Structures are given as structure tokens and as C-alpha cells.
Amino acid sequence: MKHFINAVGDTCPVPLFKAEEKLKKIGKGDVIILDTDHSCAAINIKNEMEKRGIKVKIKEIDNGIWQVYIKKT
């Protein structure tokens, strides 16, 4: 199942907090797709999730807009 978070306009560390809260509520194998307009937020989420062994991909979908894909394992 896919879960979407719109974090456009949110500054660090708010997008990370939103991702962590959603991660607690979703099932194994589910994916969070988080939109952000701060590259530092995308990188912070990736670094934090990878420390926990969670797979993350970042994709720039528009000029200055990134999607962070987080798969709960």
C-alpha cells in the first residue's frame, strides 16, 4: 500500500518527523511517498532511515521538488 505525505513548505526536521510518525502506523512492505521542496530534508530522511536498515530512494520530480520513497521492511 502507498501512503502519501505532503511536506512541501516544511523545513527540517518536520518532514523527518512526519515520515517517522507515518512509519509507525503502516504495515510491512508498505511505501511512504513524501514530497518536499528542501533537498536537505530528503537527505536527512534518507540518512536516518538507512541507519535503521530501511530502504529509501530520492527522485527530483520537478525543479526543486523531491519525492522520497520509504519502504517499510
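Above this text sits the structure in question.
Residues numbered from 1 in each chain as written. Predicted model: local features only at pLDDT ≥ 70, side-chain atom pairs only at ≥ 80, totals over all residues. Heavy atoms only, no water.

### Structural notes on the sheet that holds strand β3 (residues 55-62)
Note the following rule: Pairing between two strands is assigned when DSSP locates at least 2 bridges connecting them. Secondary structure elements follow DSSP: runs of H or I of four or more residues count as helices, runs of E of two or more count as strands, with numbering from the N terminus. Comment: axis = line fitted to C-alpha atoms, over the contacting stretch for helices; angle = value between 0 and 180 degrees taken between N-to-C directions. A contact between two residues is defined here by any heavy atoms of the two lying within 4.5 Å.
Across the sheet, 4 strands lie side by side as β1-β2-β4-β3; this open sheet has mixed pairing. Of all strands in the sheet, those with a lone pairing partner are β1 (2-6) and β3, marking the two edges. Neighbour-to-neighbour, the strand axes of this sheet turn through a mean angle of 20°, independent of strand direction. Sheet topology places β3 next to strand β4 (residues 65-71); 7 bridges connect them, and they run antiparallel. From the neighbouring strand, Lys59 faces β4, where its bridge partner is Gln67. Against the sheet, helix α1 (residues 14-25) contacts β1, β2 (31-36) and β4, and its axis sits at roughly 165° relative to β2.

### Some thoughts on the pattern of salt bridges
Where we set the bar: Here, a salt bridge means any Lys or Arg side-chain nitrogen found within 4 Å of an Asp or Glu carboxyl oxygen. Using a 1.4 Å probe on the protein chains alone, a residue whose accessible area is under 20% of its type maximum counts as buried, one over 50% counts as exposed, and one in between counts as partly exposed.
Within the structure shown, the criterion is met by 6 salt bridges. A salt bridge links Glu50 to Lys46; the shortest N-O distance between them is 2.7 Å. Pair noted here: Glu50 and Lys46 are both in helix α2 (residues 39-51), with a separation of 4 residues, about one helical turn. For Glu50, a relative accessible area of 39% puts it in the partly exposed group. Taking the shortest distance from any N to any O, the salt bridge between Lys51 and Glu48 comes out at 3.8 Å. Taken as a pair, Lys51 and Glu48 lie in helix α2 at a separation of 3 residues, close to a single helical turn. On the basis of relative accessible area, Glu48 is assigned to the partly exposed category, the value being 23%. One continuous salt-bridge network, built from bridges that share partners, spans Glu20, Glu48, Lys51 and Arg52.

### A closer look at α2
Owing to its 3.6 residues per turn, the α-helix brings residues three or four apart onto one side. Our working rule: Each residue after the first adds 1.5 Å to the expected span of a helix. The arc in question is the one traced by the directions running from the helix axis out to the C-beta atoms.
Taking 1.5 Å per residue as the helical rise, α2 with its 13 residues ought to reach 18 Å, and the 19 Å between its terminal C-alpha atoms agrees with that figure. Regarding α2, the residues found buried are Ala41, Ala42, Ile45 and Met49. Viewed end-on, α2 has its buried residues packed into an arc of 100°, placing them on one side of the element. Taken together, the buried residues of α2 touch α1, β2, β3 and β4. Positive phi appears at Gly53, one or two residues downstream of α2, with a value of about 80°.

### Brief notes about the nonpolar core
For the record, the criterion: We define a nonpolar core as any set of buried Ala, Val, Leu, Ile, Met, Phe, Trp, Tyr and Cys residues linked to one another through side-chain atoms lying within 4.5 Å.
Leu23, Ile32, Leu34, Ile45, Met49, Val68 and Ile70 are the most contacted members of the largest nonpolar core, which totals 16 residues. Listing elements by their share of this core, those giving two or more residues are α1, β2, α2 and β4. Excluding residues that lie within four positions of it along the chain, Met49 makes contacts with Leu16, Ala19, Glu20, Leu23, Ile54, Val56 and Ile70.

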